[in-house]
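Summary of structural features
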Amino acid sequence: MAAGYLEILRARHAGRLLTGTLVGRLPNGTAHIALVLFTRAEGGSYTLAGALAAAYGLATAVGQPLLGRAVDLYGQPRVQLPAAVLSALGMALLALTGLGSLPLAYLAVVIAGVATPPLEGGLRALWPSVLKGEDQVHRAYAMDAVAQEIMFTVGPLLVTLLVSLRSPAAALLVINALGVLGALSVVLSEPSRTWRSAPREAHWLGALRSPGLLALLGAFFFVGLALGSITVAAVAYADDHGRESVYGWLMAALGLGALIGGLVYGARQWAGAPEKRLRVIVGLLALGYLPLVLTPSVPVMAALAALAGVFLAPAIACSFIVVDRHAPRGTVTEAFSWLVTTFGVGAAAGTAAAGPAAELGSTAWSFAVAGAGGVAALVVLLATGRLLAAPVRTGAVATGSENDRNGAVEPGFSSGHKA
């Protein structure tokens, strides 16, 4: 299993790009827990915490596709680094001014969200120029998903550690400073400096003119909703048990499960259309979320959280391939940024719904939002099967100077049929 991943990491620039992107995305990956803990420390309610996190998520949703399209048009360094700095300044404003003025607090999180750099989509745009052959590129997608789970595992623990050592405000400042350093490492690398998107057809909809991509985005809105609701639900569960650290352990368990699932998924080549496989994975993902409503003892709950996370990274990795197959040519960064956007909007909706659910109902009700999100994602994929069965373009991964992954197919696959 490890040999394939080590082969990718030994490729020139690969380790630096992956690490830099991972560190650069820490502010975005930990924003919801940081905002919830910061708001609670300032005396704010769960509803306010959910509202601030929702505002951040919606702002990110607006900024990601716009910045992604800018990257496709103007290159990575001219967009990624200035955006990272501006985003960090937004969170610094919140940390230093607190919640004394709610309009200012909302403005700060909106600035931080809108300016969040599209490092995630940018990394996937760089893989074909760094790696050799589509099999390595697809394994890199799985490794990318695994790396996200490392971030989601380590990130909450890092935030809670910084909170315990200093304060939630200090956690916001440190995490965002690290994010700027990560973005700087990426944009100073040779692949990032020389990357150019493939020629694109001028169209105001950009990547969104693909019906299959729209169907995928609709499904992953609900996956984001499930994850966003778990963020607030886990805090409520930790409060019920009188220990703040329980939150970090639950989120770490969720990430650990996804990490294991992603490693296993990326270790082999898969036959069959990725769109069909995605429906199965999302179905299993939804099934894993449902037992969380039982809210048992902490050890059992941690085990359930790990089980719930097992199919998350495979779902994300498989969605990368589906994006490749359906995104119009020349919209590579924008298409992946739209995927991030749907996650952001979904997570915002989930945090906004789970907060009132916890306060007006119970912790179990807030976890029920996650289960409902997983089921809804599966329903969307089943209802849009015909759209997802007809990719806009098919073909091999471009590994030359074009650096465009559109039309990518998985190993053992050509145009959605077995080799």
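In this report, we go over the structure that sits alongside the text. Here the structure is a predicted model, which means the values were calculated and not measured.

Remarks on the overall build of the chain
In terms of regular secondary structure, the chain is built from 19 helices and 2 strands. Looking at the chain residue by residue over its 419 residues, the buried ones come to 60%. The contacts of the chain with a sequence gap of at least 6 include a subset with a gap of at least 24, amounting to 83%. Of the roughly 15,300 Å² that the chain leaves accessible, carbon and sulfur atoms contribute 68%.

Focus: the packing of aromatic side chains
Ring pairs (aromatic) are described by centroid distance and by the angle formed between their planes. Tallying each qualifying case throughout the model produces 3 aromatic pairs. Between the aromatic rings of Phe221 and Phe222, the centroid separation amounts to 4.9 Å while the plane-to-plane angle is 80°, which identifies the pairing as edge-to-face. Here Phe320 and Phe336 contribute two aromatic rings whose centre-to-centre distance is 5.8 Å and whose plane-to-plane angle is 80°, an arrangement assigned as edge-to-face. Of the two residues, Phe320 sits in helix H16 (residues 312-326) while Phe336 sits in helix H17 (residues 332-361), which places them 16 residues apart along the sequence. The pair Phe320 / Phe336 is uniform in exposure class, with both members buried. The ring centre of Phe320 lies 3.6 Å from the NZ or CZ of Arg124, which sits over that ring.

Section: helix H15 (residues 298-309)
Here H15 contains 12 residues, and its C-alpha end-to-end distance of 16 Å stays within 8% of the 16 Å for a straight helix at 1.5 Å per residue. Buried residues of H15: Val298, Met301, Leu304, Ala305, Ala308 and Gly309, and no others. Down the axis of H15, the buried set is contained in an arc of 135°. They therefore lie on one face. Each element contacted by the buried residues of H15 is listed here: helix H12 (211-240), helix H13 (245-266), helix H14 (274-289), H16 and helix H18 (363-383).

Some details on the environment of Val159
Following the sequence through the fold, Val159 ends up in helix H9 (residues 134-165). Looking at Val159, the relative accessible area reads 1%, which means it is buried. Among residues more than four places away in sequence, those in contact with Val159 are Thr30, Ile33, Ala34, Leu37, Ala171 and Ile175.

What about the packing of H12 against H13?
The N-to-C vectors of H12 and H13 enclose an angle of 145°; their axes lie 8 Å apart at closest approach. Note on packing geometry: the crossing formed by H12 with H13 is right-handed. Two secondary-structure elements touch here, H12 through Leu227, Ile230, Thr231, Ala234, Val235, Tyr237 and Ala238 and H13 through Val246, Tyr247, Leu250, Met251 and Leu254.

Some thoughts on the packing of helix H4 (residues 31-41) against helix H5 (residues 46-74)
Between H4 and H5, the shortest axis-to-axis distance is 9 Å and the interhelical angle comes to 145°. In the packing of H4 onto H5, the handedness of the crossing is right-handed. Between H4 and H5, the contacting residues are Ala31, His32, Leu35, Val36, Thr39 and Arg40 on the first element and Tyr46, Leu48, Ala49, Leu52, Ala53 and Tyr56 on the second.

Parameters and conventions
- Residues numbered from 1 in each chain as written.
- Predicted model: local features only at pLDDT ≥ 70, side-chain atom pairs only at ≥ 80, totals over all residues.
- Heavy atoms only, no water.
- Helix = DSSP H or I, 4+ residues; strand = E, 2+ residues; numbered from the N terminus.
- Buried < 20%, exposed > 50% of the residue type's maximum accessible area, 1.4 Å probe, protein only.
- Contact = heavy atoms within 4.5 Å.
- Areas by Shrake-Rupley, 256 points an atom, 1.4 Å probe, with all protein chains shown as cover.
- Phe/Tyr/Trp six-rings, centres within 6.5 Å; stacked < 30°, edge-to-face > 60°.
- Lys NZ or Arg CZ within 6 Å of the ring centre and 35° of its normal.
- Expected span 1.5 Å × (residues − 1).
- Arc of directions from axis to C-beta.
- Axes fitted to C-alpha atoms, helices over the stretch in contact; angles between N-to-C directions.
- Left-handed = near helix turned anticlockwise from the far one by under 90°.

All quantities given are derived from atomic positions and should not be read as evidence of function.
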